[in-house]
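A structural walkthrough
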Amino acid sequence: MNNKTRLKTKTFRLFCVFFWTILVFVLINGCGGAKKLSPSEFHKKEAGLSKKAKAAYEAGRYEKALFFYQEALKASRAVEDVDLIAINLINIAVVYRQMGD
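Before going into details, it helps to say that this report is about the structure given with it. (Residues numbered from 1 in each chain as written. Predicted model: local features only at pLDDT ≥ 70, side-chain atom pairs only at ≥ 80, totals over all residues. Heavy atoms only, no water.)

1. Here we look at the overall build of the protein chain
The following threshold applies: Where helices and strands are cited, they refer to DSSP runs of H or I of at least four residues and of E of at least two residues respectively, numbered from the N terminus. Here's how the labels work: a residue is buried when its accessible area is under 20% of the maximum for its type, exposed when over 50%, partly exposed in between, all with a 1.4 Å probe on protein chains only. The contact criterion used is simple: two residues touch if any of their non-hydrogen atoms lie within 4.5 Å. Using the Shrake-Rupley algorithm and a 1.4 Å probe, accessible areas are obtained, with residue cover drawn only from the displayed protein chains.
From N to C terminus, the protein chain includes four helices and zero strands. Each helix (α) and strand (β) of the protein chain, taken in turn from the N terminus, gives the series α-α-α-α. The 101 residues of the protein chain split such that 29% are buried. Taking all contacts inside the protein chain whose residues are at least 6 apart in sequence as the whole, residues at least 24 apart take part in 61%. As displayed, the protein chain has an accessible area near 7000 Å², and 62% of this comes from carbon and sulfur atoms.

Written out as structure tokens, the structure reads:
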């Protein structure tokens, strides 16, 4: 397989990850999402999870980073914070890309 073909394959995989992530996001939001947290509970939980995820990512522990970003995504969805939902989805995609998926 030449370099051009590998690049196209990687690009297609990345597109698929983004596509399915967005599709899942839309479907889950359409179903109402999880229970509501108070804003203070939300901020503490999401900030802590994101901090742990970033530390794991920087240490090269991508599976652990993925877990924490997914948990942070759940917390973001619980309070319907669309900005943090988008940030967490992007971070998840970055981890998948680094892992080669």
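2. Thoughts on helix 4 (residues 82-99)
Every α-helix winds through 3.6 residues per turn, so residues three or four apart in the chain are directed the same way. Where we set the bar: Helix span, as expected, comes to 1.5 Å for every residue beyond the first. Any N or O atom pair separated by 3.5 Å or less is treated as a polar contact, with the protein-specific requirement of one donor-capable and one acceptor-capable atom, and with residues adjacent in sequence counted only for side-chain atom pairs.
The end-to-end C-alpha separation of helix 4 is 26 Å, in line with the 26 Å expected for 18 residues at 1.5 Å each. One side-chain oxygen of the residue at the start of helix 4 lies 3.2 Å from the amide nitrogen of Asp83, identifying that residue as Asp81. Following helix 4 by one or two positions, Gly100 has its phi on the positive side, about 90°.

3. Some words on the environment of Phe67
Relative to the helices and strands, Phe67 resides in helix 3 (residues 62-78). In sequence terms Phe67 and Ile92 are 25 residues apart; their C-alpha atoms lie 9.0 Å from each other.

4. Examining the packing of helix 3 against helix 4
The line we're drawing: What counts as an axis is a line fitted to C-alpha atoms, over the stretch in contact for a helix, and the angles between N-to-C directions run from 0 to 180 degrees. Roughly parallel here means an angle under 35 degrees, roughly antiparallel means over 145, roughly perpendicular means 65 to 115, and every remaining angle is called oblique. Helix crossings fall into two classes, left-handed where the near helix is turned counterclockwise from the far one by less than a right angle and right-handed where it is turned clockwise. Any residue that is not Ala, Val, Leu, Ile, Met, Phe, Trp, Tyr, Cys, Pro, Asp, Glu, Lys or Arg is counted as polar, Gly included; the first ten are nonpolar and the last four charged.
Two numbers describe how helix 3 lies on helix 4: the axes approach to 9 Å, and their chain directions differ by 165°. Comparing their axes, helix 4 and helix 3 come out roughly antiparallel. Our pair here, helix 3 against helix 4, has a crossing hand that is left-handed. Contact with helix 3, carried on its side by Tyr62, Glu63, Ala65, Leu66, Tyr69, Gln70, Ala72, Leu73, Ser76 and Arg77, involves Leu84, Ile85, Asn88, Leu89, Asn91, Ile92, Val95, Tyr96, Gln98 and Met99 of helix 4 and no other residues of that element. Broken down by class, the residue content of the contact of helix 3 with helix 4 amounts to 13 nonpolar, five polar and two charged.

5. Here's the deal with a nonpolar patch on the surface
This is how the line gets drawn: Exposure above 30% relative accessible area and the lack of any salt bridge qualify a residue for a patch; like charges then connect within 9 Å, and the nonpolar side chains Val, Leu, Ile, Met, Phe, Trp and Tyr within 5 Å. Any carboxyl oxygen of Asp or Glu that lies within 4 Å of a side-chain nitrogen of Lys or Arg is treated as forming a salt bridge with it.
A cluster of nonpolar side chains, Phe12, Phe15, Phe19 and Trp20, forms an exposed patch at the surface whose accessible area comes to about 500 Å². One can find Phe15 in helix 1 (residues 3-30). On the basis of relative accessibility, which here comes to 53%, the residue Phe15 falls in the exposed class.

6. Describing unusual backbone geometry
The backbone phi angle of Glu80 is positive, close to 55°, even though this residue is not glycine. Within the fold, Glu80 resides in the loop between helix 3 and helix 4.

7. Section: helix 3
Over its 17 residues, helix 3 runs 24 Å from end to end, which matches the ideal 24 Å to within 8%, given 1.5 Å per residue. Those residues of helix 3 that fall on the buried side of the exposure criterion are Ala65, Leu66, Phe68, Tyr69, Glu71, Ala72, Leu73, Ala75, Ser76, Arg77 and Ala78. Directly beyond the C-terminal end of helix 3, a positive phi value near 55° is found at Glu80.

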